[in-house]
There are 2 protein chains.
Amino acid sequence: MTGYIQEDIDPAELVRRTAVARELADDVRALVAATVVTDVDDDAVVEARRHLAAARSILETKRIDGAFGVRFNSDGTKRAWGNAVVGERNPIAPPVDLEHDGERVWSEFELGPQYEGPAGLVHGGVIALILDQVLGSAAEHAGVPGMTGTLTVRYVRGTPLGAVRVDARLDRVEGIKSFVTGELSTDTGVCAQAEGIFILPRWARGEVSDQLRRSVGEG
Amino acid sequence: MTGYIQEDIDPAELVRRTAVARELADDVRALVAATVVTDVDDDAVVEARRHLAAARSILETKRIDGAFGVRFNSDGTKRAWGNAVVGERNPIAPPVDLEHDGERVWSEFELGPQYEGPAGLVHGGVIALILDQVLGSAAEHAGVPGMTGTLTVRYVRGTPLGAVRVDARLDRVEGIKSFVTGELSTDTGVCAQAEGIFILPRWARGEVSDQLRRSVGEG
């Protein structure tokens, strides 16, 4: 299985690689949206598919074994480039670029036609997908990383495709469980609210307890 | 906003169009996976991007206004081709091809590297995304279609990328609320369990009540 990999890449080189990965993913993401809404005739589709086959053949010449995994660099940064929500080189990710300040994280981004559920609206499951990641990131930034134990999403109203905003913050910590709340909204208000319970992994329990005491006041 | 569209396409023509859409989406989906795991050098990425730009330019020559929407054909079939989970021409959808029998729906499919969360594991949010759709489809097949009101997912263990199975069934109906349960599993057992509450839309309340009495025994 793809694992957690420690790498030793020069920070400047990492900046360059990030830009390359991001440009490629942006192109494929635009192609994903174009595929959903194209209205060209069959001959044009055949012609487009020839280019897609050529691109794929180039990209598949050399590939990582398994999935991308999660990689840590010697400068302390973490790369989860394959992540379905925040991954720099994952074309299914919007991607969500999170900003954070202590126990709060947030982001503003656009959801295109590939995220549709009911006609013209964001798929309820896409909202759950994004909120799961954003709530998990809030737990991580608050010093209590974890896998999702339970995620509950309450849908307040339909979310039109287009510009959205997500917010999340750590609510409280009870033993190995972190309770995080968040919401997805548009400029007309909150569309969905979520609560996530994240479970501190075994490997982090010793290491995190001091930080917990400092940042959350429990111990 | 993209809406619910009534179309009058000959069934044979619809079969042909479905095949064309599906092939194109399959190609782009393979390209999405290749983008996540490629390890080619920068020159090869530049060359691949030339083909991607050419394909995109062809597909964008003529496009649907807005998102795909949900289209009903004169033969009674429904097309939600833009749907992020089951959409025939949505490359971010696995896609999940649901089978159904009364109030039960299920499907078996593969989740590739673009659905990663923790290293080598399916993103918890992707599991929520898929279960939201599958539970909603179970409600629809049971005669009580609805928008998601609340979705709760409980994660039992990590789900390795690869082959998965989903199952869902209508549990009960209380007034305008349908309670649906389901799970995602691999051949080693259940990885996540979900409960969804789906709210019958206003337009369906009159129409569905008779069917409800027949199929669920309430009224």
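Position numbers for residues count from 1 along each chain, tracking the sequence in the order it is written. Each chain gets a letter, beginning with A, and each ligand a number, beginning with 1, in the order they are written. Given that this is a predicted model, residues contribute local features only at a pLDDT of at least 70 and side-chain atom pairs are listed and counted only at 80 or more, while totals for whole chains, interfaces and linings are drawn from all residues. Water and hydrogen atoms play no part in the side-chain values, which are based on all heavy atoms of the structure.

As annotated in an unreviewed UniProt entry, chain A is Acyl-coenzyme A thioesterase THEM4 from Gordonia bronchialis. Recorded in UniProt for chain A, the comment headed Sequence similarities (unreviewed entry) runs: "Belongs to the THEM4/THEM5 thioesterase family." UniProt positions are given in the numbering used here, feature names are shortened, and annotations may be inferred rather than shown by experiment.

K.L.:
What's the story with the domain arrangement of chain A in this structure? I'm lost.
P.N.:
Note: interface size is frequently given as the accessible area lost on complex formation between the parts. Residue and element names in this part refer to chain A. According to the domain assignment, chain A contains domain 1 (1-93) and domain 2 (96-209). Residue ranges labeled as domains rest on an automatic or database domain assignment. Measuring from the centre of the C-alpha atoms in domain 1 to the corresponding centre in domain 2 gives 23 Å. Contacts were defined at the residue level, with two residues in contact if any of their heavy atoms lie within 4.5 Å. In this complex, domain 1 contributes 12 residues to the contact, which on the side of domain 2 involves 10 residues. Two parts placed together each lose some accessible area; with a 1.4 Å probe, that loss summed over both constitutes the buried area. Of the roughly 920 Å² buried between domain 1 and domain 2 on both sides combined, carbon and sulfur atoms contribute 55%. Arg-22 is the partner of Asp-97 in a salt bridge, and the nearest nitrogen-oxygen pair spans 2.8 Å. As used in this structure description, the phrase polar contact means that two N or O atoms lie within 3.5 Å; if the pair is within protein, one of them must be able to donate a hydrogen and the other to accept it, and residues adjacent in sequence are counted only when both atoms belong to side chains. Viewed at the interface, domain 2 and domain 1 are joined by 5 residue pairs in polar contact (both at pLDDT 80 or more). What counts as a salt bridge is simple: a side-chain nitrogen of Lys or Arg found within 4 Å of a carboxyl oxygen of Asp or Glu.

K.L.:
Help me out: how do you make sense of the nonpolar core in this one?
P.N.:
A general tendency of soluble globular proteins is for nonpolar side chains to be buried together. Core analysis: the largest hydrophobic core is formed by 100 residues, its most contacted members being Ile-130, Leu-131 and Val-153 of chain A together with Ile-130, Leu-131 and Val-153 of chain B. Dropping the residues within four chain positions of it, Val-153 of chain B is found in contact with Gly-149, Thr-150 and Leu-151 of chain A together with Ile-127, Ala-128, Leu-131, Ala-192, Gln-193 and Ala-194 of chain B. We define the nonpolar core as a collection of buried residues of types Ala, Val, Leu, Ile, Met, Phe, Trp, Tyr and Cys that are connected through side-chain atoms lying within 4.5 Å of one another. Think of it in three bands: residues with accessible area under 20% of the maximum for their type are buried, residues over 50% are exposed, and the middle band is partly exposed, with areas taken using a 1.4 Å probe on protein chains only.

K.L.:
Help me understand the packing of aromatic side chains, please; the structure alone is not making it clear to me.
P.N.:
Aromatic ring pairs are described here by two measures, namely the spacing of the ring centres and the angle between the planes. Classification of ring pairs rests on two measures: the distance between centres of Phe, Tyr or Trp rings, Trp counted by its six-membered ring, which must be within 6.5 Å, and the angle between planes, read as stacked under 30 degrees, edge-to-face over 60 and tilted in between. Scanning all chains against the criterion turns up 2 aromatic pairs over all chains. When the ring of Phe-68 of chain A is compared with that of Trp-81 of chain A, the centres are 5.7 Å apart and the planes differ by 25°; the resulting orientation is stacked. You can see Phe-68 of chain A sitting in the loop between α2 (42-59) and β2 (70-73) and its partner Trp-81 of chain A sitting in the loop between β3 (78-79) and β4 (99-101), a full 13 residues away along the chain. Summarising the burial analysis for this pair, Phe-68 of chain A and Trp-81 of chain A share the class buried. Our definition puts a charge over a ring when NZ of Lys or CZ of Arg is within 6 Å of the ring centre and also within 35 degrees of the ring normal. If you follow Arg-79 of chain B out to its NZ or CZ, it ends over the ring of Trp-81 of chain B, 4.4 Å from the centre. Here a helix means four or more residues in a row that DSSP labels H or I, a strand means two or more in a row labelled E, and each is numbered from the N terminus.

K.L.:
What am I meant to see in the sheet that holds β3 of chain A here?
P.N.:
Where strands meet in a sheet, backbone hydrogen bonds hold them as pairs that are either parallel or antiparallel. Paired strands, as defined in this entry, are two strands with at least two bridges between them according to DSSP. Within the open sheet, the 3 strands sit side by side as β1-β2-β3 (chain A). Their pairing is mixed. The two strands at the open ends of the sheet, each matched to only one other strand, are β1 (4-7) and β3 of chain A.

K.L.:
Sorry if this is basic, but what is going on with the relation of the copies chain B and chain A here?
P.N.:
Both copies of the chain are related by a screw-like operation: a rotation about an axis and a shift along it. Fitting of the copies onto one another was done by least squares over C-alpha atoms, counting residues only where both copies have pLDDT of at least 70. Between chain B and chain A, the superposition needs a rotation of 180° and an axial shift of 0.0 Å, giving an RMSD of 0.0 Å. What the superposition gives is, in effect, a two-fold axis relating one chain to the other. Closest approach to the rotation axis within chain B is made by the C-alpha atom of Thr-152 of chain B, at a distance of 2.1 Å. Both copies share a contact surface, since 100% of the interface residues of chain B are interface residues in chain A too.

K.L.:
Can you walk me through the packing of helix α3 (residues 124-141) of chain A against helix α3 (residues 124-141) of chain B in this structure?
P.N.:
The geometry of a pair of packed helices is captured by two quantities: the angle between their axes and the separation between those axes. Angles run from 0 to 180 degrees between N-to-C directions of axes, and those axes are lines fitted to C-alpha atoms, restricted for helices to the stretch in contact. Put simply, α3 of chain A and α3 of chain B touch, their axes get as near as 7 Å, and they point 165° apart. Taken together, the axes of α3 of chain A and α3 of chain B lie roughly antiparallel to each other. Here the hand of the crossing between α3 of chain A and α3 of chain B comes out right-handed. Facing Gly-124, Gly-125, Val-126, Ala-128, Leu-129 and Asp-132 of chain A of α3 of chain A, the residues of α3 of chain B in contact are Gly-124, Gly-125, Val-126, Ala-128, Leu-129 and Asp-132 of chain B. Each residue gets one of three labels, nonpolar for Ala, Val, Leu, Ile, Met, Phe, Trp, Tyr, Cys and Pro, charged for Asp, Glu, Lys and Arg, and polar for the others, Gly among them. Its residues assigned to classes, the contact of α3 of chain A with α3 of chain B comprises 6 nonpolar, 4 polar and 2 charged. Small angles under 35 degrees read as roughly parallel and large ones over 145 as roughly antiparallel, with 65 to 115 read as roughly perpendicular and the rest as oblique. Take the far helix as your reference; a near helix turned counterclockwise from it by less than a right angle gives a left-handed crossing, and one turned clockwise gives a right-handed crossing.

K.L.:
Explain the UniProt feature "domain: Thioesterase" (unreviewed entry) in chain A here, please?
P.N.:
The sites that carry the UniProt feature "domain: Thioesterase" (unreviewed entry) are, in the present numbering, residues 120-189 of chain A. Taken end to end, residues 120-189 of chain A has its terminal C-alpha atoms 17 Å apart, with 26% of it in helix and 47% in strand.

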